[in-house]
Amino acid sequence: MCVFVLEHTCSMTDLYARVRQATDDILGMFHKGFSNPERELVRGSPENGYEKIPIYVYMIRREDHGTLNAT
């Protein structure tokens, strides 16, 4: 016979070890805990993103020759 128990009795470590997908709430909690330099280490700076545009355009043109034709 199966019984539903609303209150969890397992430890948080055991509970989170079984979770396969993070929810928006969990990700938001981690994001709020990061300082700006820590966020930049994970995501990079806007300047770093702009530096990657030429490489990105090259890869798109290489895969699909009709895309992003030079004017």
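Residues numbered from 1 in each chain as written. Predicted model: local features only at pLDDT ≥ 70, side-chain atom pairs only at ≥ 80, totals over all residues. Heavy atoms only, no water.

Secondary structure summary: the chain contains 5 helices and 0 strands in total. Ordered by position from N to C terminus, the α and β elements of the chain give α-α-α-α-α. Per-residue burial over the chain gives 3% buried out of 71 residues. (Helix = DSSP H or I, 4+ residues; strand = E, 2+ residues; numbered from the N terminus. Buried < 20%, exposed > 50% of the residue type's maximum accessible area, 1.4 Å probe, protein only.)

Scored by pLDDT, the chain has a mean of 76; 75% of the residues are at 70 or more. Within the chain, no element has a lower average pLDDT than helix H1 (residues 12-17), which sits at 61, and none a higher one than helix H5 (residues 53-63), at 88. (pLDDT = per-residue confidence, 0-100.)

Right, let's talk about the pattern of salt bridges for a bit. Opposite charge on two side chains lets them pair, provided their charged atoms get close. For the structure on display, the rule yields 1 salt bridge. Of the charged contacts, one joins Glu 63 and Arg 62 as a salt bridge, the two residues approaching to 3.6 Å between their closest N and O atoms. On the basis of relative accessibility, which here comes to 45%, the residue Arg 62 falls in the partly exposed class. (Salt bridge = Lys/Arg side-chain N within 4 Å of Asp/Glu carboxyl O.)

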